[in-house]
Amino acid sequence: MITRLAILLAGLVLDRLIGDPPWLWRHVRHPVAAMGEAIGALDRILNRPDFTDETRRRAGFFALGLLLLAALLIGGFIAALADAFGALGMIVETLIVAIFLAHKSLVDHVGAVATALRNGGLAEGRRTVAMIIGRDPEQLDQAGIVRAAIESLAENASDGVVAPAFWYLLLGLPGLLAYKMVNTADSMIGHLNAPYRDFGFAVAKLDDILNFVPARLTALLLALAAMFGGNGAAPRLGFSTIVAITRRDAPLHRSPNAGWPETAMAAALGLSVGGPRRYGDLVVDAPQLNPEGRREATPADIARAIALFERAMDVVLAIIAIILVFVVPGVL
């Protein structure tokens, strides 16, 4: 566990500084892309239109079992190799952990929405935000685009950083790869529309389970981060107030997990997020989260949200460093 903490600390820092360099992935296939190809292949083979709903659901459980088995075996094999090679193995494991985290790429993609709105107006803002959200952006005004980007930042702070770090710390590389496999599968097949409602049922449910603790931990980290540094135009709320608002509104979200970081971030920034949204032809009448906050969000609010997220990650780094520097030597 001590070695894992040190590797996680280094991986978090490396991902924050370098992220996913495009030049590398032009020459080497990204592991998540390979996972996506495996998921897509199983979708084509097992999610057949002539299957009954019950058969599709069973096929989905079978596909999930295969994906999990592959992730656990590959993760265990790499972990065993890393252990065998000592310091060099630790370096390789650190690189793998950094690859499966998404701090810098998340900041870059969300920040690009604010840049697009400032430089290209609504049309460019809609085009850019469509890269990070699943809903139809064509009906969104500037405030709607900003809220969508901030919601995506909050949710992916959990899915893309906190959750993979949590499962790595708990179960090592097998846990990290298994989480990323399930989370990637959920983004591809864990939908409510007809082709995936049954086939993606098992994946969606397991993704909910795996994100249960990380989502609430992310909300806690955002509430803690709000105590450090100013939040610009937001009335500064205390830690206990942000937690109370989050506990009140997060269960209203249609997702059992996404509402927690989204509400915590909204409360910390003095914004109201959520509300009705469109996914293709489907309109979801979702409730507002932190309805006391502002609805008229601006591109400057995206910068404030990114700053809050990065302070939350600073809290994570500080906690790990304190454990390694002060707690571990005392225990040993």
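From a predicted model like this one, the values you see are computed outputs, not experimental measurements.

**Brief notes about the overall build of the protein chain**
A tally of helices and strands in the protein chain yields 12 helices and 4 strands. In terms of overall dimensions, the protein chain is globule-like: its C-alpha atoms have a radius of gyration of 20 Å, near the 20 Å expected for 332 residues. Along the longest, intermediate and shortest principal axes, the C-alpha atoms of the protein chain span 60 × 55 × 40 Å. By the burial criterion, 49% of the 332 residues in the protein chain qualify as buried. Looking at the protein chain alone, contacts between residues at least 24 apart form 71% of all its contacts between residues at least 6 apart. Counting only carbon and sulfur atoms, one obtains 66% of the accessible surface of the protein chain, whose full area is about 15600 Å². Separation of charge centres in the protein chain, based on 29 positive and 30 negative side chains, amounts to 2 Å.

**As for a nonpolar patch on the surface**
Together, Phe 77, Leu 81, Phe 85, Leu 88, Ile 91, Val 92 and Leu 95 make up an exposed nonpolar region whose accessible area comes to about 690 Å². Those elements that place two or more of their residues in the nonpolar patch are α4 (53-84) and α5 (86-99). Ranked by residue count, the leading element in the nonpolar patch is α5, at 4 residues. Residue position: Leu 81 is located in helix α4. Residue class for Leu 81 comes out partly exposed when judged on its relative accessible area of 39%.

**Points about helix α6 (residues 103-129)**
For α6, which comprises 27 residues, the first-to-last C-alpha distance of 17 Å sits more than 12% below the rise-based estimate of 39 Å (1.5 Å per residue). The sharpest bend along α6 measures roughly 150° and falls at Gly 120.

**A closer look at the packing of helix α1 (residues 2-17) against α5**
A pair of packed helices can be characterised by two numbers: the angle between their axes and the separation between those axes. Running from N to C, α1 and α5 point in directions that differ by 50°, and their axes come no closer than 8 Å. Comparing their axes, α5 and α1 come out oblique. Between α1 and α5 the crossing geometry is right-handed. Of α5, the residues touching α1 (which contributes Thr 3, Ile 7, Leu 8, Ala 10, Gly 11, Leu 14 and Asp 15) are Met 90, Glu 93, Thr 94, Leu 95, Val 97 and Ala 98. When its residues are assigned to classes, the contact of α1 with α5 shows 8 nonpolar, 3 polar and 2 charged.

Criteria and thresholds
- Residues numbered from 1 in each chain as written.
- Predicted model: local features only at pLDDT ≥ 70, side-chain atom pairs only at ≥ 80, totals over all residues.
- Heavy atoms only, no water.
- Helix = DSSP H or I, 4+ residues; strand = E, 2+ residues; numbered from the N terminus.
- Rg over C-alpha atoms; globule rule 2.2 N^0.38 Å.
- Buried < 20%, exposed > 50% of the residue type's maximum accessible area, 1.4 Å probe, protein only.
- Contact = heavy atoms within 4.5 Å.
- Areas by Shrake-Rupley, 256 points an atom, 1.4 Å probe, with all protein chains shown as cover.
- Lys, Arg positive; Asp, Glu negative; His and termini not counted.
- Charge placed at Lys NZ, Arg CZ, Asp CG, Glu CD.
- Patch = residues over 30% accessible without salt bridge, like charges linked within 9 Å, V, L, I, M, F, W, Y side chains within 5 Å.
- Salt bridge = Lys/Arg side-chain N within 4 Å of Asp/Glu carboxyl O.
- Expected span 1.5 Å × (residues − 1).
- Bend = angle between axes of the 7 residues up to and from the residue.
- Axes fitted to C-alpha atoms, helices over the stretch in contact; angles between N-to-C directions.
- Parallel < 35°, antiparallel > 145°, perpendicular 65-115°, else oblique.
- Left-handed = near helix turned anticlockwise from the far one by under 90°.
- Nonpolar A, V, L, I, M, F, W, Y, C, P; charged D, E, K, R; others polar.

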